[in-house]
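Listed below are the residues making up each chain.
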Amino acid sequence: MIYKVYYQEKANEIPVRENTKSLYLEAASDREVREKLKDRDYNIEFIQLLEGNYLDYEQASPNFILEEI
């Protein structure tokens, strides 16, 4: 399954919409996503499962790059 992760680059950073970044990651569950990203100093705001039409829409975006972790 493919997940979209919304995050701030610093764990102690207050979430501000303008500074929120996102990445795409393949994992079996949102728990596995957190495990894969635990060594990075990210403040994870939201993890969203992408499937169906929404996944197709995201894959059509030029910003869609699947992280290899």
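In this report, the structure presented in the accompanying data block is examined. (Residues numbered from 1 in each chain as written. Predicted model: local features only at pLDDT ≥ 70, side-chain atom pairs only at ≥ 80, totals over all residues. Heavy atoms only, no water.)

### Looking at the nonpolar core
Note the following rule: For our purposes a nonpolar core is just a set of buried Ala, Val, Leu, Ile, Met, Phe, Trp, Tyr and Cys residues, chained together by side-chain atoms within 4.5 Å. In this scheme, a residue with accessible area under 20% of its type's maximum is buried, one over 50% is exposed, and one in between is partly exposed, where area comes from a 1.4 Å probe on protein chains only. Comment: elements are numbered from the N terminus, with helices defined as DSSP H or I runs of at least four residues and strands as E runs of at least two. Contact criterion: two residues are considered in contact whenever any of their non-hydrogen atoms come within 4.5 Å of each other.
If you look at the biggest cluster of nonpolar residues, it comprises ten residues: Tyr-3, Val-5, Tyr-7, Leu-23, Leu-25, Ala-27, Val-33, Leu-37, Ile-44 and Ile-47. Of all elements in the fold, only strand S1 (2-8), strand S2 (21-26), helix H1 (30-37) and strand S3 (43-50) reach the threshold of two or more residues within this core. No other element matches S1, which puts three residues into this core. The contacts of Val-33, once residues within four sequence positions are left out, are Tyr-3, Val-5, Leu-25, Ala-27 and Ile-47. In terms of nonpolar packing, the next biggest core, distinct from the first, is built from five residues, Ile-2, Tyr-24, Leu-50 and Phe-64 among them.

### Remarks on the pattern of salt bridges
The criterion, for reference: Salt bridge, as applied in this entry: a Lys or Arg side-chain nitrogen positioned within 4 Å of an Asp or Glu carboxyl oxygen.
For the coordinates displayed, the defined rule picks out five salt bridges. For the salt bridge of Lys-21 with Glu-9, the shortest nitrogen-to-oxygen distance reads 3.3 Å. Note that Lys-21 is positioned in strand S2 and Glu-9 in the loop between S1 and S2, a separation of twelve residues in sequence. For Lys-21, a relative accessible area of 37% corresponds to the partly exposed category.

### Comments concerning the environment of Pro-15
Of note, Pro-15 is situated in the loop between S1 and S2. Once the C-alpha coordinates of Pro-15 and Asn-63 are considered, the two residues, 48 residues apart in sequence, prove to be 21 Å apart. Excluding its chain neighbours within four sequence positions, the residues that come into contact with Pro-15 are Gln-8, Asn-43 and Glu-45.

### Looking at the sheet that holds S2
Within a sheet, neighbouring strands are paired by backbone hydrogen bonds and run either parallel or antiparallel to one another. Rules: Here the rule is simple: two strands pair whenever DSSP picks up at least two bridges between them.
Reading across the sheet, the four strands line up as S3-S1-S2-S4 and stay open at both edges, with mixed pairing between neighbours. Edge positions in the sheet fall to S3 and strand S4 (66-67), since each of these pairs with one other strand and no more.

### A short note on the environment of Ser-22
Among the secondary structure elements, Ser-22 is positioned in strand S2. The class of Ser-22 is partly exposed, set by a relative accessible area of 36%. Separated by 16 residues in the primary sequence, Ser-22 and Lys-38 have C-alpha atoms spaced 15 Å apart. Aside from chain neighbours lying at most four places away, what touches Ser-22 is Lys-4, Val-5, Tyr-6 and Tyr-7.

### Some points on the packing of aromatic side chains
What counts is decided by this rule: Two rings belonging to Phe, Tyr or Trp (six-membered ring only in the last case) form a pair when the distance between their centres is within 6.5 Å. Interplanar angles under 30 degrees mark stacking, angles over 60 mark edge-to-face geometry, and anything in between is tilted.
The final tally for this structure, using the stated rule, is four aromatic pairs. With centroids separated by 6.2 Å and ring planes inclined at 35 degrees, the aromatic side chains of Tyr-6 and Phe-46 adopt a geometry described as tilted. Here Tyr-6 is found in strand S1, whereas its partner Phe-46 is found in strand S3, with 40 residues between them in sequence. With a centroid separation of 4.6 Å and 50 degrees between ring planes, the pair formed by Tyr-24 and Phe-64 is classed as tilted. Note that Tyr-24 is positioned in strand S2 and Phe-64 in the loop between helix H2 (52-60) and S4, a separation of 40 residues in sequence.

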